[in-house]
Amino acid sequence: MDRRRESAQRTRSMSRRSFLHAGVAGGAGLYALASGMAARKAETQAASTQPKAGGTLIWGMESEIGPLDVQNVGGWVTWRVRRQIYEPLVTHDLTKEGTLSPPIVPALAASWEVSPDGRVYTFHLREHVKFHDGTPFNAEAVKVNLDRALDEQSPYFYAQLSTLQKRFIYQYTESYKVLDPLTIQITNRVPFPDFLFQMAESGYAAFVSPTALQKWGNTDLAEHPVGTGPFRLVEHVRGQKVVLERHPDYWGRKPYLNRIIFRPLPEAASRVVALQTGEADLIMVPPPDSIAQLKKAGFIVHQSPTAHIWYWCLCMNKEPLKDVRVRRAIQHAIDKEGLARDLMQGTVLPAYQMHAPGAPAHDPQFKMYEYNPAKARQLLAEAGYPHGLKFTWMTSVEGSGQLMPVPITEWIQRDLRKVGIEIEIAAYEWQSYLGMYAVRCEKSDSWQMSSGEASDYWLYKVMHSKYNTAQFPRSYYTNSEIDTLLDRAARELDDQLRHTLYRQANRLVMEDAAFVPIVHDLAPVVYHAKVKGFVHTALESFDLTTLWLDAS
Amino acid sequence: MERPALLTASRRATPHVALCSGLLVTWRAFKKDKAAAMAGALLIVIFAITLAAPWISPYDPIDGNTALRLAPIGTPAHLLGVDGQGRDIFSRLLWGGRVTLPSAMVPVIIATMLGGTLGVIAGFHGGLAGNLIMRGCDVLFAFPTVILAIAIAGIIGRGLFNVMIALSVVLVPPMTRVTFTATREIEAMDYIQAARSLGAREWEIMLRHILPNTIPPVIVYASTIAGLLVVFSAGLSFLGLGVSPPIPDWGVMVSDGRTVLGVAPHVATVPGLMISITSLCFNLVGDGLRFALDPRIRNIG
């Protein structure tokens, strides 16, 4: 029904546009001819808004994917593929265009109840769901997957995943039990209002077939993924393609596409060429400067705010960034509007806070540090650097969600030079950049990252001092006041109060100027006009069951 | 034992004069080769203007005017256009040469000296030392050149100087191989046998008769890889091992221009052309030198 409404809306907007066309042309004295043409055009477009099944879509990815094991590490690029193969108990509804906080909807759980104290979650599983290999999905299958992440005694236990899952999704989980073949109950030690969001987010809490797990074992499963999702894996040729095909027995809405081929095209310029030559139907992260040209050539450029924040971490274990005045000076010295407008050509929004758009605590009005080079110079003088200072900045050269890291750092480097701060950029290849996670603040004075969630809880993951340990020293930033606020917020069941607490935490972080938010991505997706039904939301993951190809 | 008159006579002639007359002959032959002479002149111009960059560069190579981003070739006051950060491409080319040319030439010179010495020793002496040298080279040959350079630069650390060291090291094996082959070839020549039978000492044969004759093939090889090295060092910079942004380097400039190749092709092609022209000049000069240095070809020509 939704889709019918959507298509009706589209028809309406089409006819309005046609009317405008007609009006302009009429002014030029070609009214009769133009209106005839416009009417015909409107007709064909109305006809083509009826989705058609079939066809193969080729998706140009920014990099090769990580392991296709749903519970293993990965970035946006990997999640986008995994999401088609595996499903969690609850998921985000990604079928409504431009949603900033996509609502949580049933997936493999048809319904669920939460105890009044917010600790016990009882999930009623969907009936007659089968994995791609025919294994029935039931509470036992859920338990096997939970054992894999959480139960060290279980034969399925996979230590590598355990850290990840315990850190984010199941960190408060006390116990879980099978109540009947279609009911599973998970009990958390404390109320955790973000539990469902974390289960849905990036699908880490999705389910692999127990049969496949037995057959392939924990590590080889990544090459033989078996889930319940709308698509199943046909083949994965590393460096070349990941081929998915429609899962004929899918329980939910059947995808229109027969196949999707994901091709890694790490070079932004070659992604554009692939799109132009028809080797790809859809790409993401085009070079911002090529967008105008692509639009002119008839490609659709589809962008919308996402829960994506590109930020700069200042190491506080040493001078000069130990001094809050220097950190504040940096915040004032960067012209983020100019960066978004000129270098990024309007494909990003300037960022002034650590809550990404889509997070309920994101406040579009919040702006503690405006662009003010004079003030920056004054702060530096107060800090004892009237003649400027110099420090190093470590960056990647590319990577999942990284946009154009080197041009962005160079742009900021120039802004900072104007107030007397010399930045020495050290650029690294993506994998080695990730590999240096624990020693970044030893090797450098600062570094950058891109991440984000349409959830306030993301702040907890990044700012809480328990995630700033000796093992993973993010930037040696600790503030006990923020810890207290975040601990309270994470367990607060009242929505309004929770958002207020998270807003306070963000305010404190920004007062400390601990991180420099730079931009929020608008994640432009560029595709051929024949690709229809693409839905963009804040999550930067996509529900590809809505996609279809208009062959005409 | 009395030495043959011929050898004594040649030894008595002051080496200085011999060298000077040798250079003069070479120079005359080189001048006749029009293409080589022009390429040489062009190289001198390129070197001169990059050296003079601080005085003649019209703009600051690292500070741009963002309003002019990606302005095309022929923009008033920015004849070669402007890059994605709003910087004048001509100024960056001038300054970039100061990074690019040394990083292309220094490794070649070091490797030629090192590899040349090793090659002559291995080729002339053979035996255990020769075997050790050549098998050592084989080990290094087993790795792809670029990967080896990345590994070395990765171990010794970032920076232009370290990139030069890494590139020198990876060039030593091919240089050694080229000189080794040349040495073996020359050693079998009649005039070496003649010198030997006349009682010349081993080191004399090596320095006087073999070494000078290995120079032509080595020069040709060195001149062909100088252009390649520009590309290698750009690759290392791209991986974060060479120069850091915003310092200009021709290779890095090409790499910066990749993303805008479709909309502003000049950002990558102008420095790309500069690299091509410079490598072509190196090749032509190398060819010219080979002809000029080789008496056999010189006489035929």
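Preceding block: the structure.
Engineer: Please give an account of the overall build of chain A that cites residues and values.
Structural biologist: Counting secondary structure elements, chain A contains 18 helices and 21 strands. Counting all 552 residues of chain A, 59% fall into the buried class. If you take every contact in chain A between residues at least 6 apart in sequence, the share linking residues at least 24 apart comes to 70%. Of the roughly 21700 Å² of accessible surface on chain A, 54% is carried by carbon and sulfur atoms.

Engineer: Tell me about a nonpolar patch on the surface, residues and numbers included.
Structural biologist: Residue and element names in this part refer to chain B. A contiguous nonpolar patch, built from Leu-42, Val-45, Ile-49, Trp-55, Ile-56, Leu-273 and Ile-277 and spanning about 670 Å² of accessible area, is present on the exposed surface. Counting only elements with at least two residues in the nonpolar patch, the list comes to α3 (34-51), α4 (53-56) and α12 (266-293). When you line up the elements, Trp-55 lands in helix α4. Classification of Trp-55 by relative accessible area gives exposed; the value is 72%.

Engineer: Let's hear about the interface of chain B and chain A: which residues, and what values?
Structural biologist: Counting residues at the interface gives 22 residues for chain B, matched by 24 residues for chain A. When chain B packs against chain A, the two sides together hide about 1900 Å² of surface, and 50% of this comes from carbon and sulfur. Along the contact surface separating chain B from chain A lie three salt bridges. We note a salt bridge from Arg-258 of chain B to Glu-267 of chain A, for which the minimum N-O separation is 2.1 Å. In this assembly, chain B and chain A are joined by 11 residue pairs in polar contact (both at pLDDT 80 or more). The residue makeup of the side of chain B that touches chain A, split by class, is eight nonpolar, eight polar and six charged.

Engineer: Describe the pairing of strand β5 (residues 120-125) of chain A, with residues and values.
Structural biologist: Residues and elements named next belong to chain A. β5 sits mainly inside the fold: five of its six residues count as buried. Two elements, strand β4 (residues 109-114) and β5, share five bridges in a ladder whose sense is antiparallel. Residue Ser-111 lies in a different strand from β5, and its bridge partner there is His-124. When β5 meets strand β7 (residues 183-188), the two strands line up antiparallel, connected through five bridges. Bridge pairing in β7 places Val-120 opposite Thr-187.

Engineer: I'd like a rundown of the sheet that holds strand β8 (residues 231-237) of chain A, residues and numbers included.
Structural biologist: Residues and elements named next belong to chain A. Strand order in the open sheet formed by seven strands is β8-β9-β10-β1-β11-β19-β12, and the pairing between neighbours is mixed. The sheet is open, and its two edges are formed by β8 and β12 (300-302), each paired on a single side. For this sheet, the mean inter-axis angle between neighbouring strands, taken without regard to orientation, is 20°. Where strand β9 (residues 241-246) lies against strand β10 (residues 259-264), four bridges are found, and the strand directions are antiparallel. When the sheet's bridge partners are listed, Val-243 is paired in β10 with Ile-261.

Engineer: Give me the lowdown on the packing of helix α5 (residues 89-125) of chain B against helix α6 (residues 127-141) of chain B, citing residues and values where you can.
Structural biologist: Residues and elements named next belong to chain B. Between α5 and α6, the least distance of the axes is 8 Å, while the angle of their chain directions is 135°. For the element pair α5 / α6, the angle class is oblique. Considering the relative orientation of α5 and α6, their crossing is left-handed. The residues of α6 that touch α5, namely those facing Leu-118, Ile-121, Ala-122 and His-125, are Gly-127, Gly-130, Ile-133 and Met-134. For the contact of α5 with α6, a count of residues per class yields five nonpolar, three polar and no charged.

Engineer: Hey, could you go over the nonpolar core for me, with residue numbers and the actual values?
Structural biologist: By size, the foremost hydrophobic cluster in this structure holds 110 residues, and its most contacted members are Trp-59, Leu-89, Phe-123, Phe-137, Met-199, Met-354 and Phe-515 of chain A. If we skip the residues at most four places from it in the chain, Met-199 of chain A touches Pro-88, Leu-89, Val-90, Phe-123, Ile-169, Tyr-170, Ile-186 and Ala-205 of chain A. Judged by nonpolar contacts, the second largest core, of 45 residues, contains Ala-39, Ile-46, Ile-89 and Phe-232 of chain B.

Engineer: Before we move on, can you summarise the side chain of Ser-400 of chain A with the specific residues and values?
Structural biologist: All names here are of chain A. Structurally, the position occupied by Ser-400 is in the loop between β15 (389-396) and α13 (405-417). Note on Ser-400: relative accessible area 13%, which makes it buried. In this structure the side chain of Ser-400 is engaged in a polar contact, spanning 3.2 Å, whose partner is the backbone nitrogen of Trp-76. Discounting residues that sit within four places of it in the chain, Ser-400 has contacts with Gly-75, Trp-76, Val-77, Trp-430 and Ser-450.

Engineer: An account of the pairing of strand β16 (residues 421-428) of chain A is requested, with residue identities and associated values reported.
Structural biologist: Regular strands place side chains that alternate from one sheet face to the opposite one. All names here are of chain A. Of all eight residues making up β16, six are buried, and the element is well covered by its neighbours. Two strands pair when backbone bridges link them, and β15 and β16 are joined in this way by eight bridges, in the parallel orientation. The residue of β16 that forms the bridge with Leu-389 is Ile-421. Each parallel crossover has a hand, and for β15 linked through α13 to β16 it is right-handed.

Engineer: Can you tell me about the sheet that holds β7 of chain A, naming the residues and giving the values?
Structural biologist: Residues and elements named next belong to chain A. Strand order in the open sheet formed by four strands is β4-β5-β7-β6, and the pairing between neighbours is antiparallel. Taken across any chain shown, the strands that pair with only one partner, and hence form the sheet edges, are β4 and β6 (173-180). Sheet twist, expressed as the average angle between the axes of neighbouring strands with direction ignored, equals 20°. Two elements, β6 and β7, share six bridges in a ladder whose sense is antiparallel. The residue of β7 that forms the bridge with Tyr-176 is Ile-186. Packing of helix α4 (residues 139-150) onto the sheet brings it into contact with β5, β6 and β7, and relative to β6 it is tilted by some 160°.

Engineer: Help me get a handle on the packing of aromatic side chains, residues and values and all.
Structural biologist: Residues and elements named next belong to chain A. This model, assessed by the stated rule, comprises 22 aromatic pairs over all chains. Between Trp-312 and Trp-393 the ring centres are 3.8 Å apart and the planes differ by 15°, which places this aromatic pair in the stacked class. Taken together, the positions of Trp-312 in strand β13 (residues 309-314) and Trp-393 in strand β15 put the pair 81 residues apart, joining distant regions of the chain. Note on accessibility: Trp-312 and Trp-393 belong to one class, buried. An aromatic cluster is built from Tyr-121, Phe-123, Tyr-170, Tyr-172, Phe-192, Phe-195, Tyr-457 and Tyr-460, whose rings are joined through pairwise contacts. Here the guanidinium or amino end of Arg-414 rests over the ring plane of Trp-411, the centre of that ring lying 4.4 Å away.

Procedures and definitions
- Residues numbered from 1 in each chain as written.
- Chains lettered and ligands numbered in written order.
- Predicted model: local features only at pLDDT ≥ 70, side-chain atom pairs only at ≥ 80, totals over all residues.
- Heavy atoms only, no water.
- Helix = DSSP H or I, 4+ residues; strand = E, 2+ residues; numbered from the N terminus.
- Buried < 20%, exposed > 50% of the residue type's maximum accessible area, 1.4 Å probe, protein only.
- Contact = heavy atoms within 4.5 Å.
- Areas by Shrake-Rupley, 256 points an atom, 1.4 Å probe, with all protein chains shown as cover.
- Patch = residues over 30% accessible without salt bridge, like charges linked within 9 Å, V, L, I, M, F, W, Y side chains within 5 Å.
- Salt bridge = Lys/Arg side-chain N within 4 Å of Asp/Glu carboxyl O.
- Buried area = accessible area lost by both parts, 1.4 Å probe.
- Polar contact = N/O pair within 3.5 Å; in protein donor to acceptor, adjacent residues only side chain to side chain.
- Nonpolar A, V, L, I, M, F, W, Y, C, P; charged D, E, K, R; others polar.
- Pairing = 2+ DSSP bridges.
- Axes fitted to C-alpha atoms, helices over the stretch in contact; angles between N-to-C directions.
- Parallel < 35°, antiparallel > 145°, perpendicular 65-115°, else oblique.
- Left-handed = near helix turned anticlockwise from the far one by under 90°.
- Core = buried A, V, L, I, M, F, W, Y, C linked by side-chain atoms within 4.5 Å.
- Right-handed = clockwise from strand over helix to strand, strands pointing away.
- Phe/Tyr/Trp six-rings, centres within 6.5 Å; stacked < 30°, edge-to-face > 60°.
- Lys NZ or Arg CZ within 6 Å of the ring centre and 35° of its normal.

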